[in-house]
Structures are given as structure tokens and as C-alpha cells.
Amino acid sequence: MDQTPMTHQIDAAHRVDDEAPRDTRTAVLRGFRRRCPSCGQGPLMDGYLKVADRCPVCREELGHHRADDGPAYLTILVVGHLLVPFIHVVFTRLRPDPMVMGTLFAVAAVALSLYLLPRLKGVVVGIQWAKRMHGFSRPA
């Protein structure tokens, strides 16, 4: 079973794709779903936060992304903006015991952070792929 013809077709498709514009919105939505920004079918992550070296479906190279601390900062920003209004309302209207309030909102913050962190990392990788940043464009 020779896979050379299929590899050749995929490489040719990538060369054509590199000349075409990439839709940022689609790449961001695919990244949020933790799917390959190129095809939307293959998994973007190879674990909880490790980005796969390449997509198993379309063979797009993904390992050279540079997400760094961006997803963590975005997660803190989003979680803070979502929880602070609730903390304010609960504190001013309900006046629960401080230990109960602290425990509930700590658990909520951790759960929301764990949910959002890999998705926001996918968003950052999707933006980088769509804008051809950090090695996502192939040399001619």
C-alpha cells in the first residue's frame, strides 16, 4: 500500500491553500472547538494543553505555534469579567457567610478556568494559523 500519491495530493493542496486567504473567523471557531484550524476535522490538541505536531486528517503542521502566555491571560480576563458581577450581586444582595461565598466562587473560578484554557489556546493557535504567523505559511 503506497501512500506517496495521497501525500503528493495533500502537499499540492497546501501549496494552493497557501496562496488563498484564510478566514480568521472560521479558524477561531475551529480553534475554540479544539479542532484543526485548517480542516476543522482533526484534533488540535494532543492532550489537555499540548498542541499536536500535525493534524492527522489534513497533515497541517501545527507544532510551531507560539501561544506562550496568551491563553492564560485571556482566561484570567474572561473568568474575571464573568465572575466579578456575580460576586458583587451575591455579596450585596444575599450576604452569605464569607467562607461559603469564597468556596463557591473559588470552585466556580477554577472550573471555568479549566474549561476555557484549552479552548482559548485553540483560539490563539487559530488566529496565528489564519494570519500565517510563526511559521504557518510555507516558503515558496
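Before reading on, note that the structure itself is shown above.
Caption draft 1: Structural context of the overall build of the protein chain. A count of helical and extended segments in the protein chain gives four helices and zero strands. Counting the 140 residues in the protein chain, one finds 31% classified as buried. By element, 63% of the accessible surface of the protein chain is carried by carbon and sulfur atoms, the whole surface being about 9,100 Å².

Caption draft 2: Fine view of the side chain of Glu 60. Residue placement: Glu 60 occurs in the loop between helix 2 (24-32) and helix 3 (70-94). Reaching out from Glu 60, the side chain makes a polar contact with the side chain of Trp 129 at a distance of 3.5 Å.

Caption draft 3: Geometry of the nonpolar core. Leu 44, Val 51, Cys 55 and Leu 62 are the most contacted members of the largest nonpolar core, which has 13 residues in total. For this core, the element with the most residues is helix 4 (residues 98-130), which contributes three residues. Once residues lying within four places of it in the same chain are set aside, the contact partners of Leu 62 are Pro 37, Leu 44, Val 51, Ala 52, Asp 53, Arg 54, Cys 55 and Phe 136. Residues Val 79, Leu 83, Val 90 and Met 101 belong to the second largest nonpolar core, which totals seven residues.

Caption draft 4: Structural view of the pattern of salt bridges. Throughout the structure, instances matching the rule amount to three salt bridges. We note a salt bridge from Asp 53 to Lys 50, for which the minimum N-O separation is 3.8 Å. Take Lys 50: its relative accessible area is 44%, and that puts it in the partly exposed class. For Arg 66, the salt bridge is made with Asp 68, and the minimal N-O distance between the two is 3.4 Å. According to the relative accessible area criterion, Asp 68 is exposed, its value standing at 57%.

Caption draft 5: Quick peek at the packing of helix 2 against helix 4. Contact geometry of helix 2 with helix 4 gives a least axis separation of 7 Å together with a crossing angle of 150°. Looking at the two axes, helix 2 sits roughly antiparallel to helix 4. Helix 4 is crossed by helix 2, and the crossing has right-handed handedness. The residues of helix 4 that touch helix 2, namely those facing Thr 24, Ala 27, Val 28, Gly 31 and Phe 32, are Leu 116, Arg 119, Gly 122, Val 123, Gly 126, Ile 127, Trp 129 and Ala 130. Along the lines of polarity and charge, the residues of the contact of helix 2 with helix 4 split into eight nonpolar, four polar and one charged.

Caption draft 6: Quick peek at the state of the cysteines. Under the definition given, this model contains zero disulfides. Cys 58 takes part in no disulfide bond, and the closest cysteine sulfur, belonging to Cys 36, lies 3.7 Å away. When its relative accessible area of 13% is taken as the criterion, Cys 58 is described as buried.

What counts and what doesn't
- Residues numbered from 1 in each chain as written.
- Predicted model: local features only at pLDDT ≥ 70, side-chain atom pairs only at ≥ 80, totals over all residues.
- Heavy atoms only, no water.
- Helix = DSSP H or I, 4+ residues; strand = E, 2+ residues; numbered from the N terminus.
- Buried < 20%, exposed > 50% of the residue type's maximum accessible area, 1.4 Å probe, protein only.
- Areas by Shrake-Rupley, 256 points an atom, 1.4 Å probe, with all protein chains shown as cover.
- Polar contact = N/O pair within 3.5 Å; in protein donor to acceptor, adjacent residues only side chain to side chain.
- Core = buried A, V, L, I, M, F, W, Y, C linked by side-chain atoms within 4.5 Å.
- Contact = heavy atoms within 4.5 Å.
- Salt bridge = Lys/Arg side-chain N within 4 Å of Asp/Glu carboxyl O.
- Axes fitted to C-alpha atoms, helices over the stretch in contact; angles between N-to-C directions.
- Parallel < 35°, antiparallel > 145°, perpendicular 65-115°, else oblique.
- Left-handed = near helix turned anticlockwise from the far one by under 90°.
- Nonpolar A, V, L, I, M, F, W, Y, C, P; charged D, E, K, R; others polar.
- Disulfide = S-S within 2.5 Å.

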